[in-house]
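Now for the letters of each chain:
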Amino acid sequence: MIKIELLHKKFGKNQVLTGLDLHIQKGGIFAILGPNGSGKTTLIKTILGMVVPNTGNISVLGEPIKNKWKYRQEIEYLPQIANFPGNLKVKELIRMIKDLRQKSSEEEKLIQLFALEPYLDKKLATLSGGTKQKVNIVLTFMFDSPLIILDEPTTGLDPLALIRLKELIQVEKEKGKTILVTSHIMQFVEEVADEIVYLLEGKIYFKGSIQELMTKTKQTDFEHAIAAIATPTIYD
Amino acid sequence: MIKILKYSFYDLMRSRWSYIYFLFYLILGFVLLFLNNDVSKAVITLMNIIIILVPLIGTIFGVMYYYNSKEFTELLLAQPIKRSSIFLGQYFGVAGSLTLSLVLGLGIPFVLYGLFKSDAIFDFSLLLVTGAFLTLIFTALSFNIALSNENKIKGFGYAVLLWLFLAVIYDGIFLMSLIIFKEYPLDTFSLTATMLNPIDLSRTLILLKLDISALLGYTGAVFKQFFGTNTGLVISMVMLVLWTAIPVWRLSYKANRKDF
């Protein structure tokens, strides 16, 4: 599905990714974790082609992505901060994205699921952070693509919307899709993720299931296991 | 690209500022024509305004639009769209709507006044063409500046400085050097210097078309000899096209290599 080899990325003097290798097979939910500034968002953005790597190869669905753009048709991306053009109405934004993608979509179901009907005629600038995030989720899930990338999907969501989101993720997973997700809410990760990819100092520090992580770190609790992984002395 | 252009264009067409810009030209056109009662004089006055104002508005609108639509751009970057299409679409959306405001705003009063019956129609068309070029050029330059500067304040500052340089300071340096080197033959120098600044180039083109080059003295005669011929006109147009094409090319080149 995704194959990354020896990925290096520098922003000015700040080396963010240092020879990262990652292979993600088809199907399942992969949580990309790591401390702040470990390069999670940069990694996601290089997969999307929004950040151009200094060196290294990335293939998505078996094709190298360098200087390509059509492969993004197969990816749904939920950005970390839902920044939308403020003077557009929710309805117009959805219509616009549909027009740009030229793909069949099922937005009505999702609008209903997140109770967004009253907001359809409102301008995006007037929406609250949580409502914007819901719009963001609708835009991400309304198409049927094999790869879904979610950057901090839980930000600002109320408990009901959070439950709906988790259900939605499970439904997509059962369709055999590959889902990449980053989050700082460990409870959420523990609930949804099949596999953990832990980034530290621009490299993959750990890749495996939650069970493997707990055995490795000798912790019984997932949150503590994640905290322990960054300080190797605890279990070495 | 056409889709992005369409959305940017609609977005701007709904913004208050496009209408203010349009209304400004509309009022200016009516006032000049009906107070002046002379199309040729109105064209000269308009030229003086257009040559300064169009680049300024193009610069400011370009920078503002780029920074304001950052979110929109980021949204588009994750969609299956070619990068250069996103930026070129936005650029042509801005430049197109500004040009439309200019052409319609000035065109309507002139047509109502009976432009088609007067012989000033060519002078007036040239005025609109150079106005359109200046919009394209300065919007492209400002998009370039904005793309290379993450910091809004800096980007805005550089863009305004660029306008100030080309609209005012350049002429100052040009005149100074003419005075300092007056002992030498300056025909080629002044021709080249004029060619290298789109504002000067537009001004010279219009002045010569209006046949008031006598005001310019000896240099005017040289200019007349050069610009008055077809070759001169073609070269000037080529220069204006180059002034548009190079920044547009750099815009798409830079956009393909930038991180978001």
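The notes below deal with the structure included here. (Residues numbered from 1 in each chain as written. Chains lettered and ligands numbered in written order. Predicted model: local features only at pLDDT ≥ 70, side-chain atom pairs only at ≥ 80, totals over all residues. Heavy atoms only, no water.)

**Describing the sheet that holds strand β10 (residues 203–208) of chain A**
Residue and element names in this part refer to chain A.
Part 1: Read across the open sheet, the six strands follow the order β6-β7-β8-β3-β9-β10; overall the sheet is mixed. Every other strand in the sheet has two partners, leaving β6 (75–78) and β10 as the edge strands with one partner each. On average, each strand axis in the sheet is inclined to that of its neighbour by 15 degrees, with strand direction left out of account.
Part 2: Examined bridge by bridge, strand β9 (residues 195–200) and β10 share five bridges and lie antiparallel to one another. Each bridged residue has a counterpart across the sheet, and for Y198 the counterpart in β10 is F206.
Part 3: Helix-sheet contacts for helix α5 (residues 159–174) involve β3 (28–33), β7 (147–151) and β8 (178–182), and the interaxial angle to β3 is about 125 degrees.
Part 4: Sheet strands in contact with helix α8 (residues 222–229) are β3, β9 and β10, and its direction is about 30 degrees off that of β9. (Pairing = 2+ DSSP bridges. Helix = DSSP H or I, 4+ residues; strand = E, 2+ residues; numbered from the N terminus. Axes fitted to C-alpha atoms, helices over the stretch in contact; angles between N-to-C directions. Contact = heavy atoms within 4.5 Å.)

**Points about the environment of G29 of chain B**
All names here are of chain B.
Part 1: Mapped onto the elements of the fold, G29 is located in helix α2 (residues 16–36).
Part 2: Note: C-alpha distance between G29 and I235 (206 residues apart in sequence) is 30 Å.
Part 3: With residues up to four places along the chain from it excluded, the contact list for G29 reads L106 and P109.

**Comments concerning the sheet that holds strand β4 (residues 55–60) of chain A**
Two modes of strand pairing occur in sheets, parallel and antiparallel, and in both the strands are linked by backbone hydrogen bonds.
Residue and element names in this part refer to chain A.
Part 1: Spatially, β2-β1-β4-β5 is the arrangement adopted by the four strands of the open sheet, whose pairing is antiparallel. The sheet is open, and its two borders are formed by β2 (14–24) and β5 (63–64), each paired with just one other strand.
Part 2: Across eight bridges, the pairing between strand β1 (residues 2–11) and β2 is antiparallel. Within β2, the position partnered with F11 by the bridge is N14.
Part 3: Running at roughly 115 degrees to β1, helix α1 (residues 40–48) makes contact with β1, β2 and β4 of the sheet.

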